Amino acid sequence: MSYFDQLVQRSDGSQLFDYHPNGHVQRCQCGQTVFFDNQFCLRCGSALAYHPEQGKLCSIEQEPNSDKWVIRSNGPLAGQSFSLCQHRQSAAQCNWLISKEENAPYCVACALNLTIPDLSIATNADYWLTTEQAKRRLIAQLTMLGLPTVSKNLDSKQGLGFKLLRPIPDGPAVLTGHMDGVITLNIEEADPAHRESVRQNMHEPYRTMLGHFRHESGHYYWDRLVMDTPWLPVFRDLFGDERLDYKQALETHYYQGPPVDWFHTFISSYAASHPWEDWAETWAHYLHMTDTLNVALDFGIRLDTLKLHIDEFDASHLQGCPRGNDDQEVFLAFINRWVQLSSVLNVLARSMGQADIYPFVLTTPSLRKLYLVHSIVADVG
């Protein structure tokens, strides 16, 4: 059963599949609820660590006279021995496990780092922690979706790497972006005041660290899963021709803004700037949706009981869309449950005087693009 299949319900409210938690919300061996980034249980003090392949947060104890740790939690992992990521004691506060077979100092998430911030500079440690927390959530989800996350250090051609940088006075700018498998992220985005200022200046409804990682990962996976594959003509039919001058397209977007009717065709205004950005934005939204629904179900939220009527998407909205190794009914059930959940989340946010959690509206063109992302992910997973 795939990560995605565990999320969905039929349109009549019945469960399509039994749900299995992915690690965001689980329990310590003492019964206390524990969460994705926890290193210790606040009730019993047990050490905790995350197993990325299993998507489980586990209670652990150190072996006598050893640097190895044994899983104490019930289940198939109980009694197995692992190492802890060396970044557990660093400012990154990584809580991930390393299997014996890996025999490496860093976990699969931290091993993707090509450059980390200069920790001798004030506030960089705090920025790095926030950055790594978002990156770990990304890598955990990509792993559960079955997507490749091999380090650039191990595969220079197709691997993935991260440069986490902060600009220095009179130095070059640090631009968040992707190039040839390397995602560069300006860690000043971890400063809420800076991020909010940029968000308002850019007229963006949503801007987060996790959103940056998910967006930039979309560029990476376009290179891996779309470019030079049979999916490329399908991509061009839905998103447009990516051979359009990218630099000129972005300059036009920043100087003239998006088309006035962009919301009829694109999931965000930035998606209207170029087919590559349309893909990356759509990819990020797909990750937003699947992860949030996963957590909602992890908490036992029954989406079929929500007292909110929506005009559901159905098969007619996907008519003519090429299909991969997927189930169209599953995808439509997922999307309709997301529309319900996000609408309720927005109302809850407004009740607290906050901005909408998901300030976007799905249209049929956006739905069809999301379905292509889903079909490509399903083929891999």
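Use the structure listed above.
Residues numbered from 1 in each chain as written. Predicted model: local features only at pLDDT ≥ 70, side-chain atom pairs only at ≥ 80, totals over all residues. Heavy atoms only, no water.

Visitor: Help me understand the sheet that holds strand β7 (residues 97–98), please; the structure alone is not making it clear to me.
Guide: Sheet strands line up and pair through hydrogen bonds in the backbone, either parallel or antiparallel. Taking strand neighbours across the sheet as the criterion, the five strands line up as β3-β4-β5-β6-β7 in an open arrangement whose pairing is antiparallel. Each of the sheet's edge strands pairs with one partner strand only, and the pair in question is β3 (47–51) and β7. With two bridges connecting them, strand β6 (residues 81–84) and β7 associate as antiparallel partners. Note that in β7 the partner of Ser-83 across the bridge is Ile-98. (Pairing = 2+ DSSP bridges. Helix = DSSP H or I, 4+ residues; strand = E, 2+ residues; numbered from the N terminus.)

Visitor: I'm lost on unusual backbone geometry in this one. Help?
Guide: Across residues other than glycine, the phi torsion is negative in most instances, and most of the peptide bonds are trans. We note that Thr-123 has phi near 75 degrees; this positive angle belongs to a residue other than glycine. Take Thr-123: it is sitting in the loop between β8 (113–115) and α1 (124–144). You can call Thr-123 partly exposed: its relative accessible area is 38%. Backbone geometry at Asp-170 places phi at a positive 65 degrees, although glycine is not the residue there. Structurally, the position occupied by Asp-170 is in the loop between β9 (161–165) and β10 (177–179). (Buried < 20%, exposed > 50% of the residue type's maximum accessible area, 1.4 Å probe, protein only.)

Visitor: Explain the pattern of salt bridges to me, please; I cannot follow it from the model alone.
Guide: Enumeration over the complete set of coordinates arrives at 14 salt bridges. Of the charged contacts in the structure, one is a salt bridge between Arg-236 and Asp-241, with a shortest N-O distance of 3.9 Å. Under the relative-accessibility criterion, Arg-236 is labelled partly exposed at 25%. Overlapping salt bridges, with partners in common, bring together Arg-236, Asp-241, Glu-242 and Arg-243 in one network. (Salt bridge = Lys/Arg side-chain N within 4 Å of Asp/Glu carboxyl O.)

Visitor: Explain the packing of helix α6 (residues 275–298) against helix α8 (residues 364–380) here, please?
Guide: A pair of packed helices is captured by two measures, namely the crossing angle of their axes and the spacing between those axes. Across the interface, α6 lies against α8 with an axial gap of 9 Å and an inter-helix angle of 70 degrees. Viewed along their axes, α6 and α8 adopt a mutual orientation that is roughly perpendicular. Facing Asp-278, Trp-279, Thr-282, Trp-283, His-285, Tyr-286 and Met-289 of α6, the residues of α8 in contact are Lys-369, Leu-370, Val-373, His-374, Ile-376 and Val-377. Class assignment of the residues belonging to the contact of α6 with α8 gives a composition of eight nonpolar, three polar and two charged. (Axes fitted to C-alpha atoms, helices over the stretch in contact; angles between N-to-C directions. Parallel < 35°, antiparallel > 145°, perpendicular 65-115°, else oblique. Contact = heavy atoms within 4.5 Å. Nonpolar A, V, L, I, M, F, W, Y, C, P; charged D, E, K, R; others polar.)

Visitor: For this particular structure, what's the right way to read α8?
Guide: What sets the pattern is the α-helix's 3.6 residues per turn: residues three or four places apart point alike. With 17 residues, α8 should reach 24 Å at 1.5 Å per residue; the first-to-last C-alpha distance of 25 Å fits that figure. Of all 17 residues making up α8, twelve are buried, and the element is well covered by its neighbours. Among the residues of α8, Ser-366, Leu-367, Lys-369, Leu-370, Tyr-371, Leu-372, Val-373, His-374, Ser-375, Ile-376, Val-377 and Ala-378 are the ones counted as buried. Residues of α8 that are buried make contact with α3 (209–225), α4 (231–239), α6 and α7 (328–351). (Expected span 1.5 Å × (residues − 1).)

Visitor: So what exactly am I meant to see when it comes to the state of the cysteines here?
Guide: A covalent bond bridging the sulfur atoms of two cysteines is what the word disulfide describes. Per the counting criterion, the structure on display carries zero disulfides. The structure places no disulfide on Cys-30, whose sulfur is separated from the nearest cysteine sulfur, that of Cys-41, by 3.7 Å. Judged by relative accessible area, which is 29%, Cys-30 ranks as partly exposed. (Disulfide = S-S within 2.5 Å.)

Visitor: Explain a nonpolar patch on the surface here, please?
Guide: Judged by side-chain polarity, Phe-35, Phe-299 and Ile-301 come together as a nonpolar surface patch covering roughly 280 Å² of accessible area. On the secondary structure map, Phe-299 appears in the loop between α6 and α7. (Patch = residues over 30% accessible without salt bridge, like charges linked within 9 Å, V, L, I, M, F, W, Y side chains within 5 Å. Areas by Shrake-Rupley, 256 points an atom, 1.4 Å probe, with all protein chains shown as cover.)

Visitor: Looking at this model, I keep getting lost on the packing of aromatic side chains. Mind explaining?
Guide: Note on aromatic pairs: each is described by the distance of the centres and the angle between the planes. Summed over the entire model, instances satisfying the criterion amount to 20 aromatic pairs. Linked through ring pairs, Tyr-220, Tyr-221, Trp-222, Phe-235, Phe-239, Tyr-246, Trp-276, Trp-279 and Trp-283 together constitute an aromatic cluster. In this structure, Arg-88 is placed above the aromatic ring of Phe-40, and the distance from its NZ or CZ to the ring centre is 5.6 Å. (Phe/Tyr/Trp six-rings, centres within 6.5 Å; stacked < 30°, edge-to-face > 60°. Lys NZ or Arg CZ within 6 Å of the ring centre and 35° of its normal.)

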